[in-house]
Amino acid sequence: MTTKQLYNQIQQKKSFLCVGLDVDLTKIPQHLLATEDPIFEFNKAIIDATHDLCVSYKPNTAFYEAYGLKGWQSLEKTINYINEKYPDIFTIADAKRGDIGNTSTMYAKAFLEDLNFDSVTVAPYMGKDSVEPFLAFENKHTILLGLTSNEGAFDFQTQEIDGKPMYQTVLETSKTWKNSENLMYVVGATKAEYFKEIRNIVPDSFLLVPGVGAQGGSLEDVCKFGMNKQVGLLINSSRGIIYASNQTDFAEAARTEALKLQKAMAIILEQN
Ligand SMILES: O=C(O)c1cc(=O)[nH]c(=O)n1[C@@H]1O[C@H](COP(=O)(O)O)[C@@H](O)[C@H]1O
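Per an unreviewed UniProt entry, the protein goes by Orotidine 5'-phosphate decarboxylase and derives from Paenimyroides ummariense. Comment text from UniProt for the protein, heading Sequence similarities (unreviewed entry), reads "Belongs to the OMP decarboxylase family. Type 2 subfamily." UniProt, in the comment section headed Catalytic activity (unreviewed entry), describes the protein in these words: "orotidine 5'-phosphate + H(+) = UMP + CO2".

With that settled, consider the UniProt feature "active site" (unreviewed entry) in the protein. Residues annotated by UniProt as "active site" (unreviewed entry) correspond here to K96. By the element assignment, K96 lies in strand β3 (residues 90-97). Residue classification places K96 among the partly exposed residues on the basis of a relative accessible area of 42%. With sequence-adjacent residues up to four places away left out, K96 is seen in contact with N60, T121, V122, A123 and L145. A polar contact is formed between the side chain of K96 and the side chain of D94, at a distance of 2.8 Å.

Pairing is parallel around the closed barrel formed by eight strands, whose spatial order is β1-β2-β3-β4-β5-β8-β9-β10. In this sheet, neighbouring strand axes are inclined to one another by 30 degrees on average, regardless of whether the strands run parallel or antiparallel. In this sheet, strand β2 (residues 56-58) lies alongside strand β1 (residues 17-20) in parallel orientation, the contact comprising three bridges. Residue C18 lies in a different strand from β2, and its bridge partner there is S56. Sheet strands touched by helix α6 (residues 128-135): β3, β4 (119-122), β5 (141-147) and β8 (183-187). Its angle to β5, the strand with the most contacts, is close to 145 degrees. Set on the sheet, helix α7 (residues 166-174) makes contact with β5 and β8; between it and β5 the angle comes to about 155 degrees.

This paragraph deals with the packing of helix α2 (residues 38-50) against helix α11 (residues 250-271). Two elements in contact, α2 and α11, have axes separated by 9 Å at closest approach and are oriented at 45 degrees. Taken together, the axes of α2 and α11 are oblique relative to one another. The hand of the α2/α11 crossing is right-handed. On α11, the residues touching F42, A45, I46, A49 and T50 of α2 are F250, A251, A254, R255 and A258. Residues that form the contact of α2 with α11 fall into these classes: eight nonpolar, one polar and one charged.

Here we take up the confidence of the model for the protein. Atom-level detail of predicted coordinates should not be read off regions where pLDDT is low. Summary statistics for the protein give a mean pLDDT of 97 and a share of 100% for residues scoring 70 or more. Scoring of the predicted complex yields 0.98 for pTM and 0.98 for ipTM.

Moving on, we come to the nonpolar core. Of all hydrophobic cores here, the largest spans 87 residues; its most connected members are F16 and L233. Broken down by element, this core gets its largest block of residues, eight residues, from α11. When residues no more than four places from it in sequence are discounted, the contact partners of F16 are I10, V55, L219, C223, M227, V231, L233, L234, I235, M265 and L269.

Using the criterion set out here, one finds nine salt bridges in the structure. D52 is paired through a salt bridge with R255; the nearest N and O atoms lie 2.9 Å apart. Of this pair, D52 sits in the loop between α2 and β2 while R255 sits in helix α11, placing them 203 residues apart in sequence. With relative accessibility at 32%, the residue D52 sits in the partly exposed group. Linking E257 and K260 is a salt bridge whose minimum nitrogen-to-oxygen distance equals 2.9 Å. Of this pair, E257 and K260 both sit in helix α11, three residues apart, which is roughly one turn of that helix. Overlapping salt bridges, with partners in common, bring together K58, D94 and K96 in one network.

Rules used in this analysis
- Residues numbered from 1 in each chain as written.
- Predicted model: local features only at pLDDT ≥ 70, side-chain atom pairs only at ≥ 80, totals over all residues.
- Heavy atoms only, no water.
- UniProt positions renumbered as here; feature names shortened; annotations may be inferred.
- Helix = DSSP H or I, 4+ residues; strand = E, 2+ residues; numbered from the N terminus.
- Buried < 20%, exposed > 50% of the residue type's maximum accessible area, 1.4 Å probe, protein only.
- Contact = heavy atoms within 4.5 Å.
- Polar contact = N/O pair within 3.5 Å; in protein donor to acceptor, adjacent residues only side chain to side chain.
- Pairing = 2+ DSSP bridges.
- Axes fitted to C-alpha atoms, helices over the stretch in contact; angles between N-to-C directions.
- Parallel < 35°, antiparallel > 145°, perpendicular 65-115°, else oblique.
- Left-handed = near helix turned anticlockwise from the far one by under 90°.
- Nonpolar A, V, L, I, M, F, W, Y, C, P; charged D, E, K, R; others polar.
- pLDDT = per-residue confidence, 0-100.
- Core = buried A, V, L, I, M, F, W, Y, C linked by side-chain atoms within 4.5 Å.
- Salt bridge = Lys/Arg side-chain N within 4 Å of Asp/Glu carboxyl O.

Here is the structure:
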């Protein structure tokens, strides 16, 4: 999918919401546990209930890998279901990979070719030759960790080297890599005060912004400094949407939460 197609979808749906599919078997409604594939049944219901309110789905692969082969099969069924039933939706494999070049190529094939996600999250710590194999895939996107939403972001990412915070060096350097037009960046919603500086460095890129909802980030604050002419934001909420209820009404409850965010986004889009 191209960023132009993503932007068109944002305009049509008046939404830049990404729903995180972080499925934890201890949190989903008990009645689903009796089905053959509870993870997929849960995802299918959430997807059917929210697809018109969001432009993206982001399964975090940890929540599937934790259940071994069965979990991986649930992930495969989930991405196939989205690609077949809702092909306009931008899909993100939140896998946070990155390794020496030939290994990164295999990770890229796993997520962008075999599972056919539109994008994958990648850690920048190993540098250029660990990220460029992901960037080589046409019309696919590499979402590089820029400034993350957690406390540990202050351990390294904001530390200064030669007077410059490391996350800024990551953003600037990544722009020099081959096929850098395929880059997007993760910036946590809990770090809204940094968005102005980040937009000075990557004015045109899409930013994946997790941390709204369960982690307490503010949608309005992020949009104030993070939005660009093509919106340029994908705001993720996982637990705040998918675990709105653990009863039989879970999909409706998820829709209600997604709708609240979509309505707030529609107002922001109108004002900009
Ligand atoms: O790459 C991510 O998506 C990510 C980066 C980051 O800085 N912070 C962060 O929370 N995430 C992911 O975004 C999701 C946030 O989930 P909730 O806090 O439940 O909305 C989880 O899948 C996290 O792994």
